[in-house]
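Listed below, chain by chain, are the residues.
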Amino acid sequence: MVVHTTAPARLGETRLPDGRLLGWAEWGPQEGTPVLLCPGAATSRRLGFGPDAVAALGIRLVSVDRPGLGASTPAPGRTFAGFAADLRELCARRGLDRPAVVGNSQGAPFALACAEAGLASALALVSAADEVAAPEFAAVLPAELRALTERAVHDPSGAEEFFAGFDAERMWDLVMDGSPDCDLAVYRDPGFSAAYRRALAEGFARGAAAGYARDTVLAMGRWPFALGSLTLPVDIWYGEHDTAHSPDNGTLLASRIPGARRRVVPGIGGALLWTHAEEILTSLTHVRVTAGPHPVTPRRRSA
């Protein structure tokens, strides 16, 4: 399986009011329909998706380095609300208005933070890291994952210290060892694997303690979101062979978000974002146009 990837059309950093930098990458036309990507675990802004679909649909895809990953300054002790505040500033400075938002894998709860903060016009959660600390999942988690989850909830500092021992090679091995053959066909494609491994190298460039460890503790702990209060269109996408991101492929998650549409795609697992980019983006931008009360208005952009 060949998955088309391209280098970003534009790279930059936006300085936040407290002096920190937030790194971003863009694909597609600058005046296109903005779609904001919250990438997966420890991957930098450089790993986008669906460049052909982005071009065909006139999308301005913006991928953001979370604090401590890639070009973004670390922010020790940060929260989901703090990340949403960072993204609010980025949207204002980059003229993104209220973009549609994609949350992939570990980026999903960060995308939900943006949605709860009112920053998103529509939301797609793709191969989403689920709230594994939810009580409903306690009896079905494998023993090792249950122990890590309990540690993230009850000893977040200790859990963060544990995850600080990870690096790019260990993350790559975890992905490869835990993926079904249908996903390995994507990850082993020479062009894709080079792009993915570069994104991991950049994500861990400052060390796991700078970004990945805090991200993982936040994602594996209890989520502070009022999911039942979300009113924007939400699509939840899983591949049928995905056994890594959610104990029930998003069934519980979808039931907690009013009106959420859950889609299970045959023949693929956690690599869904890269194999079904056109379907994801078409659905996302369609609901944004038809349901969003705030149309995009181009604004003057600054760094």
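What counts and how
Residues numbered from 1 in each chain as written. Predicted model: local features only at pLDDT ≥ 70, side-chain atom pairs only at ≥ 80, totals over all residues. Heavy atoms only, no water. Helix = DSSP H or I, 4+ residues; strand = E, 2+ residues; numbered from the N terminus. Rg over C-alpha atoms; globule rule 2.2 N^0.38 Å. Buried < 20%, exposed > 50% of the residue type's maximum accessible area, 1.4 Å probe, protein only. Contact = heavy atoms within 4.5 Å. Lys, Arg positive; Asp, Glu negative; His and termini not counted. Charge placed at Lys NZ, Arg CZ, Asp CG, Glu CD. pLDDT = per-residue confidence, 0-100. Phe/Tyr/Trp six-rings, centres within 6.5 Å; stacked < 30°, edge-to-face > 60°. Lys NZ or Arg CZ within 6 Å of the ring centre and 35° of its normal. Salt bridge = Lys/Arg side-chain N within 4 Å of Asp/Glu carboxyl O. Core = buried A, V, L, I, M, F, W, Y, C linked by side-chain atoms within 4.5 Å.

**A closer look at the overall build of the protein chain**
(1) Moving on: If you tally the helices and strands in the protein chain, you get 12 helices and eight strands.
(2) Moving on: Taken over C-alpha atoms, the radius of gyration comes to 18 Å for the protein chain, in line with the 19 Å a tight globule of 303 residues would show.
(3) Moving on: Summarising its shape, the C-alpha atoms of the protein chain cover approximately 50 × 45 × 45 Å along the three principal directions.
(4) Moving on: Counting the 303 residues in the protein chain, one finds 56% classified as buried.
(5) Moving on: Sequence separation of 24 or more characterises 74% of the internal contacts of the protein chain that already satisfy a separation of 6 or more.
(6) Moving on: For the protein chain, the centre of its 29 positive side-chain charges and the centre of its 33 negative side-chain charges are spaced 8 Å apart.

**Points about the confidence of the model for the protein chain**
(1) Moving on: A residue-level look at the protein chain finds 94% of positions with pLDDT of 70 or above and a mean pLDDT of 94.
(2) Moving on: With pLDDT under 50 throughout, residues 289–303 is counted as low confidence; its partners more than four residues away or in other chains account for 27 contacts.

**Re the packing of aromatic side chains**
(1) Moving on: Evaluated as defined, the whole model comprises 16 aromatic pairs.
(2) Moving on: With a centroid separation of 5.8 Å and 75 degrees between ring planes, the pair formed by Phe-162 and Phe-166 is classed as edge-to-face.
(3) Moving on: The class of Phe-166 is buried, set by a relative accessible area of 8%.
(4) Moving on: Between Tyr-196 and Trp-274 the ring centres are 6.4 Å apart and the planes differ by 35 degrees, which places this aromatic pair in the tilted class. Of this pair, Tyr-196 sits in helix α8 (residues 190–203) while Trp-274 sits in helix α11 (residues 272–275), placing them 78 residues apart in sequence. Here the two residues Tyr-196 and Trp-274 agree in accessibility, since each one is buried.
(5) Moving on: In this arrangement the basic side chain of Arg-94 is found over the ring face of Trp-24, its NZ or CZ atom lying 3.9 Å from the centre.
(6) Moving on: Between Arg-170 and the ring centre of Phe-166, over which it is positioned, the NZ or CZ distance is 3.9 Å.

**Considering the pattern of salt bridges**
Two side chains that carry opposite charge are able to pair once their charged atoms sit near each other.
(1) Moving on: Counted by the stated rule, this structure contains 19 salt bridges.
(2) Moving on: Between Arg-20 and Asp-86 there is a salt bridge, with its nearest N and O atoms 2.8 Å apart. Highlighted residues: Arg-20 in the loop between β1 (10–15) and β2 (21–27) and Asp-86 in helix α2 (residues 80–94), separated in sequence by 66 residues. Each member of the pair, Arg-20 together with Asp-86, is buried.
(3) Moving on: For Arg-94, the salt bridge identified is with Glu-26, shortest N-O distance 3.1 Å. Of this pair, Arg-94 sits in helix α2 while Glu-26 is found in strand β2, placing the two residues 68 residues apart along the sequence. Glu-26 matches Arg-94 in its accessibility class, with the two residues each being buried.

**A closer look at the nonpolar core**
(1) Moving on: Grouped together as the largest cluster of nonpolar side chains are 52 residues, with contacts concentrated most on Phe-49, Val-102, Tyr-187, Phe-204, Tyr-212 and Trp-274.
(2) Moving on: For this core, the element with the most residues is helix α6 (residues 168–177), which contributes five residues.
(3) Moving on: When near neighbours in sequence (up to four residues on either side) are disregarded, Tyr-212 contacts Ala-41, Ala-42, Leu-69, Gln-106, Phe-163, Phe-166, Met-171 and Phe-204.
(4) Moving on: If you look at the next biggest cluster of nonpolar residues, it comprises 40 residues, including Phe-80, Phe-83, Cys-91 and Leu-96.

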